[in-house]
Amino acid sequence: MELSEKDTIRERVDLVEFISRYTALKRSGRTFKGLCPFHNERTPSFHVDPDKSFWRCYGQCGIGGDIFAFVMKAENLTFPEAAERLAQLAGITLTRTGVDSTEAARQRDEKERLYSANAEASRFFRAFLGKAKLAQDYIKERGLAHETLENFQIGYAPDEWSALSRHLQSRGVPMDAAEQAGLNFPSRRVQGEFTDKFRGRLIFPIIDVQERIVAFGGRIIPNPELPPDTNVGPKYLNSPETPVFSKSRILYGLNRARNVIRDADRVLVVEGYMDVIAAHQAGIENVVATLGTSLTDEHIRILGRYTKNILLSFDSDEAGIRAALRAAELFTAHGPEFALKILAMPEGDDPDSMLRRGNIAGFRKAMDSARSVPEFRLDGLKRQFDLTDESGRMGYLRESIPLLAEVRSSLELDLLVGRLAPYHPAFGSGTRAEASILAEVQRWRTQRPGTPQAPSDDVLVPTVPRPRYERGSGGGNGGGNWQRNNQSSGGGGGGGWQQRPRYGQPPPPPRPEAPAGPSTTALEKAERAVLRGLLDDDWRMVTLRELERAAKALACSPGGLFNHPQGRQLVEALYPLLAGRMSLQRALDQLIDQELAFFATRYLVPTNADAPLSEEALHDCVNELALRHPPPHIRAIQAKRTEGIGLTNDEILALQAWTLAKKRGGESTL
């Protein structure tokens, strides 16, 4: 995308008119005001400045930007997706990086032909739905309301060889475009004729978040007049992958669910079209489905734009359990920010069947009581043992220990241990069952990495009575000094722990808990203030001067002063442009990484927690950044020490002085 194309979009798409689609705006002097579309409020704090082509929320959000940033935020789109959508409104063709304008135009025309073919096919399918008694009977059987059919644009493909192809030809749709879209293919019987791909099927248009039909899914409707064993093809049939459709990059129903997902801060991922449709019809609209494929990294990235709270609903059979666990591994690989739970559906049930029976309350309860991944795995493990037999219960306990050992949260571990305890032979005798299970979990955790061992038989041995735990002053999960009776340095009969935590837990080494919310350190505050200064017209020159001073003294780049990765990248990219007196808007436009430009909008509007900027404040904040960055002579000393070269007394003192200054947060020696 070229700068001239950005300027053309800003000129052709009226910012006030566009934002008015999302919130009512009223003129206030030379600007416009309204309620912020991104958070609930009663007093308008959202301002739009048409002269500067800029918007800002001065309330809870504290964000702002241009029309591209607004579309990215309002529609949860990436920059390329937002640019493409705005380009359509502006009536221009975007130039792709590394692609000449002729090729870009060809690619755009190709996609437009596919969108057009799909749209015409959808109109045909929808028109035919009311003409087919077989389809009407099926719709009635599935309890689909007229409003639902309209919302999801459901149609029917007649059980004829070329009905759709003839219709498309009559509407001027090229057959090569229809074939590329996966709507038909050349007939093997008649030269020059085409055979429809979808025949005798209920049709579900697959629609992207920009409300374009990119593909279709079709469910076969069995004809009761045909023998049951008649070969009618697969139960579900999807369009092939095309330039506008990739199964791994689209979720069914997301176009209707995305705003509800964002508001509820939760999404339920199901397996099929009918699961989504039944849920939406029941008023549960934060539901989407994969398209006959497992969850992919791209699916997770898309979901992460809207929420980090994920519910999974898969079939309760073995295949469904395996699919859920594969998905759990994928979410885990994306980091701890995702909170994943799995619905425990009754055996033989799925969302569609449960909701068709009218059990909406039961389904909502299942969503609210969804299991964590460890709970789900324990439930699956439980089904492998006869829990009416003592050996079965012991087998279940032994096999559960490695699963519990993977749980990092003490609270979640306590919950799981409490659920396992009833299967322990010592259950009912105080907290001995829990203590024994936790001891085995700790033993499993502390075994040498890379040397798997089966759980020991300790889990079978009921522990002797132990005094209740009293909170001490030590560390760990409750504090106090820990000693087992067979290793005790002090007397006392009866055995057990001298002190113990909840459930008599043995002394574990400190383990990482679930990550706490981000803290605002002095360094983080300083970085934010400097970025605000760099992006503020009134304080930009002061900030540039302070950054230059520190970078020169430390022999590093201005971006090298920053700890935050995106902050560092932003300064590295903007510093030479802004130092050359380029305007902020033009500098942001020059950024190759437009996600970085969107990141910059977080610092354009001060929040209530931000202190006012001043020369002294910016000077101090840059010094704060410099404290974490060793000056050249310190870096030289550190390099010598790393290489095993002996240090002089002066070098040792200099290194100690700098380390002490850094710990104290004192004045930088710039």
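Structure's up top.
Residues numbered from 1 in each chain as written. Predicted model: local features only at pLDDT ≥ 70, side-chain atom pairs only at ≥ 80, totals over all residues. Heavy atoms only, no water.

1. Looking at the overall build of the protein chain
The number of helices and strands found in the protein chain is 27 helices and 16 strands. Expressed as a percentage of the 670 residues in the protein chain, the buried residues total 48%. Here the analysis covers contacts within the protein chain between residues at least 6 apart in sequence; of these, 63% occur between residues at least 24 apart. Here the protein chain has roughly 34,100 Å² of accessible surface; of this, 49% comes from carbon and sulfur atoms. (Helix = DSSP H or I, 4+ residues; strand = E, 2+ residues; numbered from the N terminus. Buried < 20%, exposed > 50% of the residue type's maximum accessible area, 1.4 Å probe, protein only. Contact = heavy atoms within 4.5 Å. Areas by Shrake-Rupley, 256 points an atom, 1.4 Å probe, with all protein chains shown as cover.)

2. Digging into the sheet that holds strand E5 (residues 64-65)
Strand order in the open sheet made by the five strands is E1-E2-E3-E4-E5, with antiparallel pairing throughout. Lying at the two open borders of the sheet, with one neighbouring strand each, are strand E1 (25-28) and E5. Bridge count between strand E2 (residues 31-34) and strand E3 (residues 46-49): three bridges; the pairing is antiparallel. Considered in E3, the bridge of Phe 32 is made with Val 48. (Pairing = 2+ DSSP bridges.)

3. Some remarks on the sheet that holds strand E11 (residues 236-238)
Taken in spatial order, the four strands line up as E6-E9-E10-E11 in an open sheet, and their pairing is antiparallel. A strand with exactly one partner marks an edge of an open sheet, and here the two such strands are strand E6 (155-157) and E11. Geometrically, the sheet is characterised by an average inter-axis angle of 35° between neighbouring strands, direction not taken into account. Of the pairings in the sheet, the one linking E6 to strand E9 (residues 201-207) comprises three bridges and is antiparallel in character. Bridge assignment links Gly 155 to a residue of E9, and that residue is Ile 203. With respect to the sheet, helix H11 (residues 273-281) is in contact with E9, strand E10 (213-220) and E11, its orientation differing from that of E9 by roughly 75°. (Axes fitted to C-alpha atoms, helices over the stretch in contact; angles between N-to-C directions.)

4. Quick word on the state of the cysteines
Applying the stated criterion to the full structure yields zero disulfides. Counting only cysteine sulfurs, Cys 57 is the nearest neighbor of Cys 36, a cysteine outside any disulfide, at a range of 3.7 Å. Take Cys 36: its relative accessible area is 5%, and that puts it in the buried class. (Disulfide = S-S within 2.5 Å.)

5. A look at the pairing of strand E4 (residues 54-57)
Here four bridges tie E3 to E4, and the two strands are oriented antiparallel to one another. Residue Phe 46 lies in a different strand from E4, and its bridge partner there is Cys 57. Joining the antiparallel neighbours E3 and E4 is a turn of four residues, in which Ser 53 adopts a positive phi near 55°. Note: E4 against E5, two bridges, orientation antiparallel.

6. Considering the packing of aromatic side chains
Under the defined criterion, the tally for this structure stands at 21 aromatic pairs. Of the aromatic side chains, those joined through ring pairs into one cluster are Phe 18, Tyr 22, Phe 38, Phe 46, Trp 55 and Phe 70. Over the face of the ring belonging to Phe 38 we find Lys 73, whose NZ or CZ atom lies 5.7 Å from the ring centre. Here the basic side chain of Lys 308 rests over the ring of Phe 338, its NZ or CZ set 5.8 Å away from the ring centre. (Phe/Tyr/Trp six-rings, centres within 6.5 Å; stacked < 30°, edge-to-face > 60°. Lys NZ or Arg CZ within 6 Å of the ring centre and 35° of its normal.)

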